[in-house]
Amino acid sequence: MKNFLIILIMKILNFILKILGKKGGNFLGKLAYDWNDEIFKYFKISCPVIAVTATNGKTMTNNAIGFLFKEAGKKVISNIEGNNMETGILSTLLKNCSLTGKINADFLVFEVDEGYIPILFKDLRLDTLVILNFFRDQLDRNGEVESLILKINEFLKTYNGNLVLNSDDPNVSRLAKANPENKNIYYFSVDKYKFATKEIKEAGEGKFCPFCNSKLDYDYYQYSHIGKFKCPNCKYGNNSIFKIAKNVNLENKSFEVDGINYKTKFNSIYNIYNFTAVISVVSLYDIDTNIIQKALEKFQLNNGRMEELIIKDCKTIINLAKNPTGSNVSLRILNEDNDEKELLFVLNDNLADGKDVSWIWDINFDELKNVSRIVTSGSRAYDIAIRIKTSGYDDNKIFPHLNLDEAVKDLYSTNSKKYVIANYTALQPTRKEILSLK
Ligand SMILES: [Zn+2]
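Residues numbered from 1 in each chain as written. Predicted model: local features only at pLDDT ≥ 70, side-chain atom pairs only at ≥ 80, totals over all residues. Heavy atoms only, no water.

Draft legend 1. Structural view of the coordination of the zinc ion. Surrounding the zinc ion are the protein donor atoms Cys209 (SG), Cys212 (SG), Cys231 (SG) and Cys234 (SG), at 2.2 to 2.3 Å. In this structure, the zinc ion is surrounded by four donor atoms whose angles at the metal cover 96 to 120°, and the resulting shape is tetrahedral. For the zinc ion, the donor residues sit on a single chain with the sequence spacing C-x2-C-x18-C-x2-C. Here cysteine 212, found in the loop between strand S8 (185-190) and strand S9 (217-223), pairs with cysteine 234, found in the loop between strand S10 (226-230) and strand S11 (241-249); they are 22 residues apart in sequence, far enough to count as distant. (Donors = N, O, S within 2.8 Å, 3.2 Å for Na, K, Ca; no water. Tetrahedral: all angles 85-135°; square planar, octahedral: opposite > 155°, others 65-115°. Helix = DSSP H or I, 4+ residues; strand = E, 2+ residues; numbered from the N terminus.)

Draft legend 2. Summary view of the nonpolar core. Among the nonpolar cores identified, the biggest contains 72 residues, and Phe69, Phe255 and Phe275 are the most heavily contacted of them. By residue number, the principal contributor to this core is helix H9 (residues 269-284), which donates 10 residues. No fewer than three residues from each of domain 1 (2-298) and domain 2 (307-435) sit in this core. Aside from chain neighbours lying at most four places away, what touches phenylalanine 69 is Ile50, Lys74, Val76, Phe107, Val109, Val282, Tyr285 and Ile287. Judged by nonpolar contacts, the second largest core, of 46 residues, contains Tyr33, Ile45, Cys47 and Leu163. (Core = buried A, V, L, I, M, F, W, Y, C linked by side-chain atoms within 4.5 Å. Buried < 20%, exposed > 50% of the residue type's maximum accessible area, 1.4 Å probe, protein only. Domains from an automatic or database assignment. Contact = heavy atoms within 4.5 Å.)

Draft legend 3. View of helix H1 (residues 2-19). A rise of 1.5 Å per residue sets the reference length of H1, with its 18 residues, at 26 Å; its end C-alpha atoms lie 26 Å apart and thus fit the reference within 8%. Turning to H1, its buried residues number three or more, namely Asn3, Ile6, Ile7, Met10, Asn14 and Leu17. Angularly, the buried residues of H1 cover 95° about the axis, an arc narrow enough to put them on a single face. In H1, the exposed positions angled more than 90 degrees off the buried face are occupied by Phe15 and Ile19. Turning to H1, the residues buried within the fold contact helix H2 (27-35) and helix H4 (86-96). One or two positions beyond H1, positive phi appears at glycine 21, with a value near 75°. (Expected span 1.5 Å × (residues − 1). Arc of directions from axis to C-beta.)

Here it is in structure tokens:
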């Protein structure tokens, strides 16, 4: 009766929010969870529940899985707006359930914050968990990445569902051993690509074996600590792969899995990993490869995550970067592009970004290929400008503006190609400012 009442009230609130033109975010879930923190048990869910977690790439992967299922004619409920803590997911369920808690869908697909996996799936059934990567992120919120991995490892000790793991991230593939009884382990991987390196170019974790502490041997690094590794002592790293992307071609934005060619709208190695995870998941649910092929080619995100726009005749690529790895991935794409370009880097230090911006010192600015000018903005415009200057870039070509409007105007005062990197709270304001010039 109590849960029935909670749901009824939340539905009325949701209705009022809709009339007011508000989306609500975590609000409904927060209220309901404070009222009864066991409410997840009340939902009657008969379809598969899929969750995606990672430091980077959750939103893109989650949305692509949902999109592919929808293109296959399935009914999908998903937190595509990225409210990925337990209260955000609860909000999504509350909006989509009947008063008796029944959920009518073919698939539930959620992106889940790394720290919330054990909390959320204590009371909610989970069928497939996808883990993409673990990098250093917002230390003040999550604590060390290692403690996060241990928490998920603890949760996995009693988990028997499908586990889709990035075989090339030693922080991730170790989780296959959390429950030796679980036979539903599916590793995905990406074959060595054109810009893979022998030495690590970017600061990263996972250089030591999590089981015997020996230094891991890498055949190559794809980006950060993601690559082909093996422990010389205990042989950790020799996984049998479920899906591997081969013949990665970033110019054509294409790759192959099981001999089938896939085209996408994205051109970074980092997205190829995300899409290989997506293909692994949907093939567990027997989605036709023809449908996957067509849907992947159509899939895009219009939210500033690897978004391409034409503004004042200038090709503009906008990407979110919340941490060193996200920034390094964006800079990698920039450096893999031979055209002359300008960079705008917008750095805020609001609560959601983390007050501590020292992570910018882990960004690799050593190579800024054909970057003719850099504009910086955000509340820490000067910090990021100094960081870039310290890497050896000519400071006469760095233009900091605390005011975002001025920064964007300055950026578009020339007609070369633009790359834009913005952190969490900076992304949408920056995107809006840029789009206002369209
Ligand atoms: Zn080892």
